[in-house]
Structures are given as C-alpha cells and as structure tokens.
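# Remarks on the overall topology
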Amino acid sequence: MAKPQEKVSFGQRLKQIGMVFRFTAKQDKWFAPLTAAAVLIPLALTVVAVLAWGWLWLPIGILLTLLAVLIVLNLRSNKAMMNAAEGQPGAAAQIMESMRGDWRVTPAVSSTTQMDMVHLVVGRPGVILLAEGNPQRVRGLLGQEKRRLAKVIGSAPLHDYVIGQGDGELPVRKLRMTLMRLPRSLSPKDVNALDKRLKALTARPQMPKGAVPKNMRPPRGAFRQTRGR
C-alpha cells in the first residue's frame, strides 16, 4: 500500500523556501536584482495607491509583492536547477520524476560501467527512451532497448532522445518542454496496460523465499563426492 504523504509544517516550508533562495542566488547572478525589482516596484505602487485612495490598498500591495517575489523565485530557480543538472549522470530521470502528470519513470533500464544509461518513461505520448552519457555508446544502448521493447509495446509510439549539447541531442533544460509538446496518443487505461507489460519485461527474476523445495535439493553426499574428486 502507498504510504500517505507527510504534512509539511509551516516552519519546514519556510526552511525549504530559504534553501531554494540560497541555491538560486548562488547559481543565478540575475536572481538578486530581479527579486529586488519584484519587491520595490509593487511597494512603490502600493505607496502611491495608499496616498491616493486610502489604506485599503496596503494589504493588496503586500500580497502583490509576495506574488511577484514567488513568480521570480519559481522562474529563476527552475532555470538554476536546469543549469546545475547539465552534465550530471541521471539528471534526465530526476527531472522526469519531478514533472507533473502521469509519467512512469524507470531509471537506468540499461547502463554501462562508464555511467552511460538509458531511462524508460511511459506516459500519454507513449514510450520514451532517454539516453545519457557518451553519444556513441548510448546510441548502441538505445538500439538494443528499442529492439527489446518493440516486442511488447505494439502500436504505441516510441520516442528516443540522447541528452546532451551536440548536434541532434536534446539539452536537459529543454527536456520538460519537449516532452510536454508531444501528442497525447494513449489514454490513461492504455498507459496502465502498457506500464504493466513493460514492468514484466524489465523485472529481474528473484530467488524464491523460504525453504528450498525437495525436488530442487542436491542428493545427499553430492558435496562429499565433489570434494573427493
């Protein structure tokens, strides 16, 4: 059963916002000037409104100021996170797992010891393969995965991307927008059915728990005979 989400207290929420502020300010040189503008401009307009039409505009101005700061924080923090994720192994899977919507992400369904990996994503656009690592090596991994998945996905669309900065590659900062623009070819019911088939394909067999069945046990004395050879 899925665990219920833990409620975040007001103090924890403020702490999280503070962490995002510090991270964004460190990564983005424009964040501080834009935040200052988001505070000063609405406050200046609020002062004018209060002098002209009364104190009723003070709470409205404060709310507009907070809204402007949150908008700047959201936009610039997303950009800062994308810049920080550039070139980091597994960044594409992390971004997909944080996206809104019904995206079924299986990180590193195929990988190498050189940190090349292919992530599997199932969603309304169909099946998506995201490759990270050396372009030459990951293209071979992509080909293997496409041949393997072709056996079970049927007529579902199959999209594949190599994450990177080279020709024909998809920058990680454009990943969200690119996938959101894909046509929704599958219904939620189709996504569930396809996800189950792919999980059965990618699942690794596990040893059964409990005692070993009698018909699978080696005969008595087999180990002694082996040692005696």
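- In the annotation of an unreviewed UniProt entry, the entry for the protein reads DUF4191 domain-containing protein, and the organism field reads Micromonospora sediminicola.

### Brief notes about the overall build of the protein
- When helices and strands are tallied, the protein shows eight helices and four strands.
- For the protein, the N- to C-terminal ordering of α and β elements is α-α-α-α-β-β-β-α-β-α-α-α.
- Counting across all 229 residues of the protein, residues that qualify as buried make up 32%.
- For the protein, contacts bridging at least 24 residues in sequence account for 58% of all contacts bridging at least 6.
- As displayed, the protein offers around 16300 Å² of accessible surface, 60% of which is attributable to carbon and sulfur atoms.

### Some thoughts on the packing of aromatic side chains
- Applying the stated criterion across every chain, the model contains two aromatic pairs.
- Consider the rings of tryptophan 53 and tryptophan 57, whose centres lie 6.0 Å apart with planes at 45 degrees: the pair is tilted.
- Exposure remark for tryptophan 53: the relative accessible area of 63% places this residue in the exposed category.
- Its relative accessible area of 37% is what places tryptophan 57 among the partly exposed residues.

### Brief notes about the sheet that holds strand S4 (residues 158-163)
- Read across the sheet, four strands follow the order S1-S2-S3-S4 without closing on themselves; strand pairing throughout is mixed. The open sheet has two edge strands, strand S1 (104-111) and S4, and neither has a second partner. On average, each strand axis in the sheet is inclined to that of its neighbour by 20 degrees, with strand direction left out of account.
- Strand direction decides the pairing type here: S1 and strand S2 (residues 117-123), joined by five bridges, are antiparallel. Of the residues in S2, the one forming a bridge with serine 111 is methionine 117.

### Thoughts on the nonpolar core
- Met96, Trp103, Ile128, Leu130, Leu175 and Leu179 are the most contacted members of the largest nonpolar core, which has 20 residues in total.
- Contributing elements (two or more residues each) for this core: helix H3 (57-85), helix H4 (91-98), strand S3 (126-132), S4 and helix H6 (175-180).
- Top element by residues in this core is H4. It accounts for five residues.
- The contacts of tryptophan 103, once residues within four sequence positions are left out, are Met96, Val121, Val122, Gly123, Pro125, Ile128, Leu179, Met180 and Arg184.
- The next biggest cluster of nonpolar side chains, apart from the first, holds 18 residues, and it includes Val118, Leu129, Leu186 and Val191.

### Some details on the side chain of aspartate 28
- Summarising the element assignment, aspartate 28 is placed in the loop between helix H1 (10-27) and helix H2 (31-53).
- Of note is the side chain of aspartate 28, whose polar atom sits 2.6 Å from the side chain of arginine 76.

### Side note on the UniProt feature "transmembrane region" (unreviewed entry) in the protein
- UniProt marks residues 30-50 and 56-75 with the feature "transmembrane region" (unreviewed entry), using the numbering shown here.
- Helix makes up 95% of residues 30-50 and strand makes up 0%, while its end C-alpha atoms are separated by 30 Å.

### Looking at the environment of asparagine 192
- Within the element layout of this structure, asparagine 192 appears in helix H7 (residues 188-202).
- What makes asparagine 192 partly exposed here is its relative accessible area of 35%.
- With 69 residues separating them along the chain, asparagine 192 and glycine 123 place their C-alpha atoms 9.0 Å apart.

Calculation rules
- Residues numbered from 1 in each chain as written.
- Predicted model: local features only at pLDDT ≥ 70, side-chain atom pairs only at ≥ 80, totals over all residues.
- Heavy atoms only, no water.
- Helix = DSSP H or I, 4+ residues; strand = E, 2+ residues; numbered from the N terminus.
- Buried < 20%, exposed > 50% of the residue type's maximum accessible area, 1.4 Å probe, protein only.
- Contact = heavy atoms within 4.5 Å.
- Areas by Shrake-Rupley, 256 points an atom, 1.4 Å probe, with all protein chains shown as cover.
- Phe/Tyr/Trp six-rings, centres within 6.5 Å; stacked < 30°, edge-to-face > 60°.
- Pairing = 2+ DSSP bridges.
- Axes fitted to C-alpha atoms, helices over the stretch in contact; angles between N-to-C directions.
- Core = buried A, V, L, I, M, F, W, Y, C linked by side-chain atoms within 4.5 Å.
- Polar contact = N/O pair within 3.5 Å; in protein donor to acceptor, adjacent residues only side chain to side chain.
- UniProt positions renumbered as here; feature names shortened; annotations may be inferred.

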